[in-house]
Structures are given as structure tokens and as C-alpha cells.
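Okay, here's what each chain looks like letter by letter:
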Amino acid sequence: MSTLFKEFTLNHGAVLRNRFCLAPMTTYSANDDLTLSCEEEVYYESRSKELGMVITAACAVNKNAQAFPYQISARDSRYLDSLERLAKAIKKGGAKAILQLHHGGRMNVPDLYANQDIVSASAIKANRDYCVTPRELNNSEVYDIIDDFIEAIILAIKAGFDGIELHGANTYLIQQFFSANSNHRTDEFGGDNFKRLKFPLLLVKRAINTAKLYAKEDFIIGYRFSPEEVEEDGITLNHTFLLVDELSNMDIDYLHISLGSYKQTSLRNPNDTVPIIKKIHNIINGRVPLIGVGGIETFDDAREALHLGSDLIALGKITLSDPDIVSKMKNHQLPNKIISSQSLLPKPLFERLKKWDLEKTGYKIIE
């Protein structure tokens, strides 16, 4: 039997029943008060029956962390019941439940609520049509946001989650502090490459200490990152190698790369033909497991991603159409790529998927 389907033990001792994870995917499906909806609960339970680990959609750690409509929240104890339901729905199927913690920073959609306060490392507008110029956080507010992440971790522990993932990818706030494109600060959280690392590394250090104080020994701590930014002064692979090397020396359970394709090469250097996963694998050098992701839909895809350097495999879009994808891979069967009203997806997510051009990748949506 392929190692893909065998148990895998993370650094703190948590045992996954296989190497497959649900990639964190936004559902836009919370209730009006940003608690878990019944449709989301059904969705997560249905996707947790075969995977080793389920990583939730991004969960906002405070009010101004909210990046998009109907995003689940962990901003305070009012959301404990919601989070307990989410953890229970995932663990019911036998998967490890991981709450992804998130702050959108300057990428937040404007006008989500009255008097919305959009903040970032610096007052620099992102190169997106919908974005606005954020307010630069003062020094004490930066520490307050780190505190908010920590309080959300404690809430996740109380709710019964097996671990958390810090969302340091996709140009959101944690990444904004690391990027020279978005961080022009002159205080302790800005400056050269090492100084811009202070926010993410301090956050990880405090997360580790919090887990030691409040959680079981096998509590999982993960960190997601994006390897490059396309902006001229944005994150390069060399910057990411520095980040990954520092994180790999810390007491965490995994790193999770964010890629459109598991075979993706450098966006900034078209002459570089070495897959990024392979480069990251070499930097990590066995210190922490690496989750690979991006268009993995078949057993052959998963096996190749493993060969390139992934220790764990995150499945995204294919799980929306086929909750039984792990069994299909194990039996070398082709996946179901039809998304319908019977796919147990929250209606807001289903309606959004209908607007995507999924036919190009072999998917079909039917009512």
C-alpha cells in the first residue's frame, strides 16, 4: 500500500490516519452573526470521513480581521459554541480538526459593516481594484493583534480543535508584515528582511507557548505561506527561503505552501524550471513536514507531489465535487468532477462556483 494511505505522525505526536488534508477554502456561508451555519456544518462533516486532517476556511481573529462577507469568526467567547460545533463536525468523521486563524489586513473588502477599520503594516494600498488605502497600525496595536491571535488559539483549544493554522499566505496581514511591498515601517516591525520577519516569528513563538500552557502535548501548530508576490518589491523565493528556514527551526508541526499547482515554478523568473515545492523541501531538510497543494486530483498527482517533496497532500477543488476522493485514489479510480445541488455544499458557495470557469479543468456544475 502506498505511504499516502498510511498513518503519519506530526512533530508533537498527533497521528493522522493518512497523508491527505482538506485545503482551507472560503465558503462565504456563515450566519449573519458570523457563526457557523448549518450548511457549513454539514459540508465539513461530509468532507471529514476520509481525510487525515481538515483545515477550515479562514477564521477572523477580531472584528477588523474580517476580509469578506459571511466569514466565520473567533473574535471572542461569544463564538465558542459555533467553534465547538465546527470542531465536532470535523472530528466526527475521524479527521483531525484544524482551525485556520486569519486577519485580512489591507485585503479586506470595504463596507462589510459600519465604521469598518481597514488596517495594515503600512498605509499602502494593495494593487487590487476593490482595495482601499489602509490605516497604518501603531506599535501597540500590532501587539494587540498578536494578542487577538493568541486569544483565538485559546478559544480553539476550548472548542476542541486538534490544532490551528496561522494564515500567513495569500497577501493577508501576516504576509503584509513580511513583504517590502506592504511594509514600509521604521519601528521594530519594519526595515530589512530580518526585521520584517519579526511579526510572523513572534506570532509563531507566542502560539507555541500558548499551546504548551493550555493544550495537550499533541496539539498541532501549522503555518501557511505564499512563496512569491508578483509586485516588483514583493516577496521573492529568496525571501521565502529565509522565512521557511526560520520557521523550520521552531517547534511547529507543519508548513503549508499555497500554490495554484503543485508543479508550479517561479512566477517571477520564467527561466527557473525547478518546482517550488522541491526548493522548499530542500530548505526544510526534514525539520518539519510540508503540505503540498494545487490541482491534485488523482493518485498519480498525489504520488508525484510526494515525490517532489510534499510530506502531506492538501486537496481543494476536487473535494467539492467528490467527498470520496481518497477512496477513489486508493482504488485508482477517476474522481467525480460533477458539482451539483447534491454535493452537500453550502448554497452561497455553490452559487459562487457556478460563476467560475470550471469547465476548463474538466468540472461540470449542474443544478
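For clarity, every value in this text was computed on a predicted model and none was experimentally measured.

Criteria and thresholds
- Residues numbered from 1 in each chain as written.
- Predicted model: local features only at pLDDT ≥ 70, side-chain atom pairs only at ≥ 80, totals over all residues.
- Heavy atoms only, no water.
- Helix = DSSP H or I, 4+ residues; strand = E, 2+ residues; numbered from the N terminus.
- Rg over C-alpha atoms; globule rule 2.2 N^0.38 Å.
- Buried < 20%, exposed > 50% of the residue type's maximum accessible area, 1.4 Å probe, protein only.
- Contact = heavy atoms within 4.5 Å.
- Areas by Shrake-Rupley, 256 points an atom, 1.4 Å probe, with all protein chains shown as cover.
- Lys, Arg positive; Asp, Glu negative; His and termini not counted.
- Charge placed at Lys NZ, Arg CZ, Asp CG, Glu CD.
- Core = buried A, V, L, I, M, F, W, Y, C linked by side-chain atoms within 4.5 Å.
- Salt bridge = Lys/Arg side-chain N within 4 Å of Asp/Glu carboxyl O.

What follows covers the overall build of the protein chain. Looking only at helices and strands, the protein chain has twelve helices and 15 strands in total. Relative to the 2.2 N^0.38 estimate, which gives 21 Å for 367 residues, the radius of gyration of the protein chain is 19 Å and therefore close to what a compact globule would have. Referenced to the eigenvectors of the C-alpha coordinate spread, the extents of the protein chain come out at roughly 55 × 45 × 45 Å. Across the 367 residues of the protein chain, 59% fall into the buried class. Taking the intrachain contacts of the protein chain between residues at least 6 apart in sequence as the baseline, contacts between residues at least 24 apart amount to 69%. For the protein chain, the computed accessible surface area is about 15300 Å², with 48% contributed by carbon and sulfur atoms. Averaging the positions of the 43 positive and the 48 negative side-chain charges in the protein chain gives two centres separated by 3 Å.

By size, the foremost hydrophobic cluster in this structure holds 100 residues, and its most contacted members are Phe20, Phe199, Leu255 and Leu315. For this core, the element with the highest residue contribution is helix α3 (residues 139-159), accounting for twelve residues. Membership of the second largest hydrophobic core comes to 15 residues, among which are Ala14, Leu16, Ala23 and Leu312.

Further remarks concern the pattern of salt bridges. Within the structure shown, the criterion is met by 19 salt bridges. One salt bridge connects aspartate 187 with arginine 185, and the closest N-O pair in it is separated by 2.7 Å. Connected through salt bridges with shared partners, the residues Glu41, Asp81 and Arg85 form a single ionic network.

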